[in-house]
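Structure at a glance
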Amino acid sequence: MLPIDWIHAAMSALFLVSALILLRKKHVEHFFTRLVLSGWFFITVVDRNLPVESVRLFSTGLITIMILVEVASPVFRWKYTRRKP
């Protein structure tokens, strides 16, 4: 295995642990994004025939989606759970 494979394996494990922690805290939207990222990094380790350009593009897209969910979630959570005056 190349060093990048070890890095992707570590990223997969870290995202999986993070997903399980968030599932325990009942943060379902954050759990799902981290589970998808964990699965993606696992796939990149298992399937070494994927083109580097598509791996970079898809990884960047998934991480961008995760950041957007992290930023938007508190806003939507506050908007839909606050008490009406």
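The notes below deal with the structure included here. Quick caveat: nothing in here was measured; it's all calculated off a predicted structure.

What follows concerns the overall build of the protein. When its secondary structure is counted, the protein shows 3 helices and 0 strands. Here the C-alpha radius of gyration of the protein, 16 Å, is well above what a compact globule of 85 residues would show, namely 12 Å. Based on the C-alpha atoms only, the size of the protein along its principal axes is roughly 60 × 25 × 15 Å. When the 85 residues of the protein are sorted by exposure, 25% land in the buried category. Considering only residue pairs separated by 6 or more positions, the protein has 57% of its internal contacts joining residues 24 or more positions apart. In the structure as shown, the protein presents an accessible area of about 6600 Å², 73% of it carried by carbon and sulfur atoms. Positive and negative charge centroids in the protein, built from 11 and 5 side chains respectively, lie 19 Å apart.

We now examine the nonpolar core. One finds Phe15, Leu37, Trp40, Phe41, Val55, Leu62 and Met66 forming the largest nonpolar core, which totals 7 residues. Secondary-structure elements contributing two or more residues to this core are α2 (28-46) and α3 (52-81). The residues touching Val55, leaving out its near neighbours within four places in the chain, are His8, Trp40, Thr44 and Leu50.

Let's shift gears to the packing of aromatic side chains. Inspection of every chain in the model, using the stated rule, returns 2 aromatic pairs. Ring geometry for Phe15 and Phe41: centres 5.9 Å apart, planes at 0 degrees, overall stacked. With Phe15 in helix α1 (residues 3-24) and Phe41 in helix α2, this pair connects stretches of sequence that are 26 residues apart. The two residues Phe15 and Phe41 agree in class, both being buried. Aromatic side chains Trp40 and Phe58 sit 4.4 Å apart centroid to centroid with 55 degrees between the ring planes, which places their arrangement in the tilted category. Residue Trp40 is located in helix α2, and its partner Phe58 is located in helix α3; the two are separated by 18 residues in the primary sequence.

A few words now on the layout of surface pockets. Reported here for the largest pocket is a volume of approximately 310 Å³. As for the largest pocket, its lining consists of 13 residues, and the residues nearest its centre are Ile4, Asp5, His8, Val52 and Val55. For the lining of the largest pocket, the secondary-structure elements that each account for two or more residues are α1, α2 and α3. When residues in the lining of the largest pocket are grouped by element, the largest group, 4 residues, is from α3. When grouped by side-chain class, the residues that make up the lining of the largest pocket number 6 nonpolar, 3 polar and 4 charged.

Rules behind the numbers
- Residues numbered from 1 in each chain as written.
- Predicted model: local features only at pLDDT ≥ 70, side-chain atom pairs only at ≥ 80, totals over all residues.
- Heavy atoms only, no water.
- Helix = DSSP H or I, 4+ residues; strand = E, 2+ residues; numbered from the N terminus.
- Rg over C-alpha atoms; globule rule 2.2 N^0.38 Å.
- Buried < 20%, exposed > 50% of the residue type's maximum accessible area, 1.4 Å probe, protein only.
- Contact = heavy atoms within 4.5 Å.
- Areas by Shrake-Rupley, 256 points an atom, 1.4 Å probe, with all protein chains shown as cover.
- Lys, Arg positive; Asp, Glu negative; His and termini not counted.
- Charge placed at Lys NZ, Arg CZ, Asp CG, Glu CD.
- Core = buried A, V, L, I, M, F, W, Y, C linked by side-chain atoms within 4.5 Å.
- Phe/Tyr/Trp six-rings, centres within 6.5 Å; stacked < 30°, edge-to-face > 60°.
- 1 Å grid on protein atoms, 1.4 Å probe; cavity = no way out; pocket = protein on both sides within 12 Å on 5 of 7 lines; lining within 4 Å.
- Points joined across faces, edges and corners; volume = space filled by probe spheres on them.
- Nonpolar A, V, L, I, M, F, W, Y, C, P; charged D, E, K, R; others polar.

Function cannot be inferred from these measures alone, as they are strictly geometric.
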